[in-house]
Amino acid sequence: MSFFKFLPFFILISIGFQVFSQENKSVQGQILDAANLQPLVGASVYWEGQSQQGTISDLDGNFTLPVPVLPSKITVSYLGYEKSVRTIQVRDLEKVQRFYLKAEDFSLEEILIQERKGDEQVKNMEMGKSTLSIEALQSLPALFGEVDLLRSLQLLPGVKSAGEGTAGLFVRGGSADQNLVQVDGAPVYNASHFFGIFSVFNPDGLKKVDLYKGNMPASFGGRASALIDVTLREGERERLQGEGGIGTISSRITLQGPLLGEKSTFLISGRRTYADLFLKLSSDPDLKNNQLNFYDLNGKAAFSLSSKDKLSLSSYQGSDLLGLDGQFALGWANWVSAVNWNRVNSDSSFFDLQGYHSRYNYQVKFDNLENGFDWTNSLSESGVKAIWTRILTTKRTVFWGIHGQVYHFAPTDLKPAPNNPINRRQTQGVQGLLSNAFIGITQEFSDQLTAELGLRQGIYAQVGKGKVYQYPDNAPNPDVEPSDSVFYGKGELMQRYQGLEPRIALRYLLRPEFSLKISYNRNFQYVQIASNSSAGLPIDRWVLAGEYIRPIRSDQISLGAFHNFDQNRWELSVEGYYKDLDQVIDLRNGARILLSDKVETELLSGRGWAYGLEFLLRKNKGKTTGWLGYTWSRAWRQIDGISRDRAYNPRFDRPHDLSLVLNHQFSPAWTSSFTFVYSTGQAVSFPVGTYLVDNQSMPLYSDFRNENRFPDYHRLDVSVTWKNPDPGRKWKGSWNFGVYNLYGRKNPFSYDFRTIYNDQVNFSSSDGEIVSARPGVVMTYLFTFLPSITYNFEF
């Protein structure tokens with residue numbers, strides 16, 4: 001009897017002990033991608049009904065979460081993946097819980113623009129930002145069948161191209177050098193192959209690219225217009241894998257897998273053209289000995305040092321070579337390396353440390369005893385960047401950091417051949433130091449209103465060893481010799497500038513499917529290109545801010561409306577912007593800068609401004625997806641001494657720009673893509689007459705710059721892809737058939753105003769006696785109807 005009398009008491013003690021034990025225990029787990037078993041970093045983990053009191057996964061996908069009274073349901077969520085809900089019992093605390101999340105079923109086009117949930121464009125703070133996924137990029141029609149990241153970005157509103165077949169970008173009225181292109185945080189100074197026809201990025205080695213046209217976070221700076229942030233892929237953890245492709249003019253191969261066990265991975269990717277290999281098959285000796293090729297090699301190694309620490313090493317190397325019969329050669333190369341350390345201090349505290357070095361060099365060589373020369377130049381940038389991030393509350397996040405940069409622009413050196421009568425010419429090298437500190441905060445004031453505030457302070461110094469010329473009235477002029485010069489020793493301060501860069505962004509949610517956003521950004525840029533070529537050349541002259549060349553200041557304000565409808569099947573966005581630029585440079589008429597040691601005498605500076613309206617409508621779901629983008633914009637410059645001091649349009653001013661992209665899936669095996677682009681012709685200066693010099697007719701140009709235009713540009717590209725629909729095959733192959741410029745539009749690349757002899761465009765003295773001569777115009781175009789075929793594979 002006494003046992004049954006005390007039975008309720010024992011039951012209460014047992015229950016209390018169990019509850020007390022659970023309160024001091026935690027559930028441990030790991031979150032992995034179901035497709036490739038990669039850990040998912042930063043996934044949210046919480047008990048049902050307690051989303052504000054959860055935790056996030058660390059660098060290895062691991063988490064620890066205190067338990068409530070069991071059994072209870074635990075929820076795991078990650079952006080772009082299906083949510084997982086599981087009931088946890090007491091017995092489950094004895095083992096690690098593994099969650100395998102499946103990626104959401106995004107359509108091709110939805111992934112192409114931005115990897116996100118359907119309503120993210122309305123609810124997030126991003127404005128003027130696009131994220132491009134490499135998987136979807138590979139389906140777009142491509143020149144020569146070569147998928148090109150930068151050329152694909154030209155299909156987005158607010159981004160314009162330099163011309164036919166070029167990968168250069170002009171973003172919201174800014175020049176190409178006002179874009180910061182970086183790989184894993186390291187800058188790339190020349191991001192093109194074949195004089196701009198291809199970009200340096202092999203898509204197989206990339207994870208994604210983020211394009212910032214406005215609302216740039218305070219942790220980024222150094223350029224006046226845009227940031228193109230490229231992230232390299234990490235290797236697979238479980239097994240060795242490979243992929244590649246054989247195309248019309250190049251082939252590529254990628255290998256990835258575990259490096260030293262499950263805690264480290266590697267990925268190495270290479271690409272090379274083989275146009276020069278076909279030249280060797282020619283019977284013409286003038287072609288057989290020519291060289292024309294480029295290659296890319298990039299790799300990444302990642303190491304999980306602990307559950308809280310991750311280290312990655314990245315490197316890219318690429319080179320171009322154009323050689324003519326062993327007499328003339330032009331080559332250029334990039335070498336970029338980066339080290340990144342990421343640490344999870346706690347569920348709400350993170351630290352990232354980055355170091356990088358980027359080097360670019362070129363060489364022009366002409367082998368001839370009488371007229372030969374060897375012309376070389378190089379430049380480099382090294383930097384260290386540290387960022388601390390704290391999640392203070394569920395509605396407030398703050399980050400802060402520092403960024404130090406060192407610039408070294410080596411002298412341009414022209415060495416003549418032994419019997420060449422010209423003297424050796426060498427410019428002086430320049431060095432610069434840039435120190436930055438930044439802070440940013442995101443604050444959610446209510447369900448409707450969220451704000452981002454940022455501040456960046458940059459202090460720049462040009463340092464010796466160097467020389468600064470002195471000019472009468474402190475005004476450099478090519479027709480006036482310097483009155484004096486001042487020499488500075490190594491490390492001695494030559495010139496100093498500083499700039500405060502505020503960043504502000506607001507989002508107001510009017511309805512769950514409709515929001516308004518506004519942002520303001522200020523940026524300073526301390527390096528520029530002095531060039532009159534809009535397409536960009538390997539030998540372009542980079543110049544640092546100094547005594548006579550001040551840093552560019554850019555102020556941009558943007559306003560946008562974002563609306564989703566039909567259950568997020570359709571997205572509509574309209575953004576307007578105004579950008580003001582100060583201290584932009586341009587060349588004097590007839591400027592010669594490549595080998596000038598007094599480059600400041602060939603440059604003039606002034607102000608610029610740009611404004612525009614960007615429209616984007618896109619369909620995310622269904623067998624047919626795609627988008628329609630349209631931009632109306634204007635870009636202006638006003639620089640005293642150019643165009644009679646009146647405002648003029650730079651070459652990349654194209655008021656109307658339209659792009660249409662459609663993707664259609666016929667079956668699991670067959671898909672097709674279609675792109676149409678149209679834009680106003682670029683602004684140029686055509687001759688208004690001629691004049692004679694030594695009995696030679698020379699073109700005469702107006703004092704007003706870029707008053708003429710090329711004809712409007714338009715082009716239609718199509719492609720069809722077949723892939724084996726069997727997902728279980730170890731070797732997966734696909735064929736892509738494409739046509740660039742389907743209807744053969746002859747878009748002009750250049751116009752040559754010359755004298756036409758005997759009505760023959762390419763007349764030479766060997767063609768006989770000159771019978772007639774007249775002024776004429778010869779148009780050069782690059783590509784008309786251009787088919788391509790590419791075989792891609794995975795194993």
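Throughout what follows, the structure given in this document is the object of discussion. The shown structure was predicted, so the numbers you read here are calculated from the model rather than taken from an experiment.

Observations regarding the side chain of Gln178
- Here Gln178 lies in the loop between strand S10 (169-171) and strand S11 (179-183).
- Ignoring anything within four residues of it in the chain, the contact list for Gln178 reads Arg223, Ala224, Ser225, Ala226, Gln525, Ile552, Leu581, Val584 and Arg637.

Some details on the nonpolar core
- Ranked by internal contacts, the top residues of the largest apolar core, which has 45 residues, are Leu149, Leu150, Leu153, Phe201 and Ile228.
- For this core, the secondary-structure elements that each account for two or more residues are helix H5 (149-153), S10, S11, strand S15 (206-212), strand S16 (226-232) and strand S22 (328-346).
- For this core, the element with the most residues is S16, which contributes four residues.
- Every residue in contact with Phe201, bar those within four places of it in the chain, is listed here: Leu150, Val181, Val183, Ala191, Leu206, Val230 and Arg271.

Digging into the packing of aromatic side chains
- Under the counting rule described, the total for this entry stands at 33 aromatic pairs.
- Each ring, one from Tyr212 and one from Phe220, has its centre 5.9 Å from the other, and the planes form 45°; the classification is tilted.
- Between Tyr362 and Trp375, the ring centres sit 6.1 Å apart and the planes meet at 80°, which makes this aromatic pair edge-to-face. On the criterion of sequence distance, the pair formed by Tyr362 in strand S23 (residues 349-366) and Trp375 in strand S24 (residues 373-393) is long-range, its members being 13 residues apart.
- Aromatic ring contacts, followed pair by pair, group Trp731, Trp735, Phe737, Tyr791, Phe793 and Phe795 into a single cluster.

Structural notes on empty space enclosed by the protein
- Taken as a whole, this structure holds nine cavities of 30 Å³ or more when the rule is applied.
- Estimated volume of the largest cavity: approximately 430 Å³.
- Lining the largest cavity are 28 residues, with Val430, Gln462, Arg541, Val599 and Glu600 sitting closest to its centre.
- Listing elements by their share of the lining of the largest cavity, those giving two or more residues are S24, strand S30 (466-470) and strand S35 (541-544).
- A per-element tally of the lining of the largest cavity places S35 first, with four residues.
- The residue makeup of the lining of the largest cavity, split by class, is 15 nonpolar, eight polar and five charged.
- Size it by volume and the second largest cavity reaches roughly 370 Å³.
- As for the second largest cavity, its lining consists of 31 residues, of which Arg151, Gln154, Leu155, Val677 and Arg715 are closest to the centre.
- When residues of the lining of the second largest cavity are traced back to their parent elements, those giving at least two are H5, strand S9 (159-161), strand S40 (656-665), strand S41 (670-679) and strand S46 (713-723).
- Residue contributions to the lining of the second largest cavity peak at four residues, all from S41.
- Residues of the lining of the second largest cavity, tallied by class, amount to 13 nonpolar, nine polar and nine charged.

A few points about the pairing of S23
- Examined bridge by bridge, S22 and S23 share 18 bridges and lie antiparallel to one another. By the bridge assignment, Trp341 is partnered in S23 with Leu353.
- Following S22, the chain reverses through two residues before pairing antiparallel with S23.
- Bridge count for S23 against S24 is 18 bridges, and the pairing is antiparallel. Within the sheet, the bridge partner assigned to Leu353 lies in S24 and is Ala386.
- Connecting the antiparallel pair S23 and S24 is a turn made up of six residues.

Rules behind the numbers
- Residues numbered from 1 in each chain as written.
- Predicted model: local features only at pLDDT ≥ 70, side-chain atom pairs only at ≥ 80, totals over all residues.
- Heavy atoms only, no water.
- Helix = DSSP H or I, 4+ residues; strand = E, 2+ residues; numbered from the N terminus.
- Contact = heavy atoms within 4.5 Å.
- Core = buried A, V, L, I, M, F, W, Y, C linked by side-chain atoms within 4.5 Å.
- Buried < 20%, exposed > 50% of the residue type's maximum accessible area, 1.4 Å probe, protein only.
- Phe/Tyr/Trp six-rings, centres within 6.5 Å; stacked < 30°, edge-to-face > 60°.
- 1 Å grid on protein atoms, 1.4 Å probe; cavity = no way out; pocket = protein on both sides within 12 Å on 5 of 7 lines; lining within 4 Å.
- Points joined across faces, edges and corners; volume = space filled by probe spheres on them.
- Nonpolar A, V, L, I, M, F, W, Y, C, P; charged D, E, K, R; others polar.
- Pairing = 2+ DSSP bridges.

Note that every value here comes from positions in space, so none of it alone points to a role or purpose.
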